[in-house]
Amino acid sequence: THAEIAAEVGAVAVLVTCSTVSPAVDGMLPRAFPVFKIDTAMVAEAVRQGGRIGVIATNPTTLAPTRGLLESQAVASGQAVQVEMVLVEGALQALMSGDGTSHDCLVAQAVADLAPTVDVVVLAQASMARVVAALPPGPVPILTSPHLALAQVKKAL
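Report follows, based on the coordinates. (Residues numbered from 1 in each chain as written. Predicted model: local features only at pLDDT ≥ 70, side-chain atom pairs only at ≥ 80, totals over all residues. Heavy atoms only, no water.)

**Description of the overall build of the chain**
- Across its full length, the chain carries seven helices and six strands.
- In sequence order, the chain lays out its α and β elements as α-β-α-β-α-β-α-β-α-α-β-β-α.
- Over its C-alpha trace the chain gives a radius of gyration of 16 Å, about what one expects of a compact globule, namely 15 Å for 157 residues.
- Principal-axis analysis of the C-alpha atoms places the extent of the chain at approximately 45 × 40 × 25 Å.
- Out of the 157 residues in the chain, the part that is buried amounts to 37%.
- Intrachain contacts of the chain at a sequence separation of at least 6 include 62% that bridge at least 24 residues.
- Surface summary for the chain: the accessible area is close to 8,300 Å², and the carbon and sulfur share equals 59%.
- Taken as two groups, the 8 positive and 12 negative side-chain charges of the chain have centres that lie 9 Å from each other. (Helix = DSSP H or I, 4+ residues; strand = E, 2+ residues; numbered from the N terminus. Rg over C-alpha atoms; globule rule 2.2 N^0.38 Å. Buried < 20%, exposed > 50% of the residue type's maximum accessible area, 1.4 Å probe, protein only. Contact = heavy atoms within 4.5 Å. Areas by Shrake-Rupley, 256 points an atom, 1.4 Å probe, with all protein chains shown as cover. Lys, Arg positive; Asp, Glu negative; His and termini not counted. Charge placed at Lys NZ, Arg CZ, Asp CG, Glu CD.)

**Side note on the pattern of salt bridges**
- Within the structure shown, the criterion is met by five salt bridges.
- One salt bridge in this structure joins Arg-48 and Glu-45, with 2.5 Å as the shortest N-O distance. Placement of the pair is Arg-48 and Glu-45 together in helix α3 (residues 40-49), with a separation of three residues, close to one helical turn.
- Residue class for Arg-48 comes out exposed when judged on its relative accessible area of 58%.
- In this structure, Glu-71 and Arg-67 form a salt bridge, with 3.7 Å as the shortest nitrogen-oxygen distance. (Salt bridge = Lys/Arg side-chain N within 4 Å of Asp/Glu carboxyl O.)

**So, the sheet that holds strand β5 (residues 120-123)**
- Read across the open sheet, the four strands follow the order β4-β3-β5-β6; overall the sheet is parallel. Looking along the sheet, the strands with just one partner apiece sit at the ends: β4 (82-87) and β6 (142-143).
- Summarising the sheet, strand β3 (residues 52-57) and β4 pair through six bridges and their orientation is parallel. Residue pairing for β4: Val-55 is matched across the bridge by Met-85.
- On top of the sheet, α3 reaches β3, β5 and β6; it is set at about 165° to β5, its chief contact.
- Lying over the sheet, helix α4 (residues 63-77) contacts β3 and β4, oriented at roughly 165° with respect to β4. (Pairing = 2+ DSSP bridges. Axes fitted to C-alpha atoms, helices over the stretch in contact; angles between N-to-C directions.)

**A word on the packing of α3 against α4**
- As a packed pair, α3 and α4 sit with axes 9 Å apart at the nearest point and diverge in direction by 55°. In terms of orientation, α3 lies oblique with respect to α4. In this structure, α3 meets α4 at a crossing whose hand is right-handed. Seen from α3, the contacting residues are Thr-40, Val-43, Ala-44, Ala-46 and Val-47; seen from α4, they are Leu-69, Leu-70, Gln-73, Ala-74 and Ser-77.
- Broken down by class, the residue content of the contact of α3 with α4 amounts to seven nonpolar, three polar and no charged. (Parallel < 35°, antiparallel > 145°, perpendicular 65-115°, else oblique. Left-handed = near helix turned anticlockwise from the far one by under 90°. Nonpolar A, V, L, I, M, F, W, Y, C, P; charged D, E, K, R; others polar.)

Written as structure tokens, this is what we have:
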């Protein structure tokens, strides 16, 4: 319904910006315009960069869709991957209550703990991208969806 409303107001493309609902894009009827998932480009890059992929999420509903997308991308790419999922307890609640500092500290600590054990870290929600700028240089790439998704949309259009 949201995609149809976007078309009615003149959109030439739609970017679904929630990882939790992005699997619904696969079930949409064909449209006259492209519909993108925010995490598709990030997941493709993660699979390209390494077989050991760490995923950090603050919302538990994001875990299964992100794992599924990573595994599907790996199969499509002919790659073998191991996915380690980390749920950062309390971070989403802190952010939703206006405590961005606590959110960012919890996510940064999860990145620091996970990075030494994987080839690449994926921050599974766009809301976590804000943390990357404050992270010290680490041993592995840290991927977020917003810029990669927008580059994918720009290239397609």
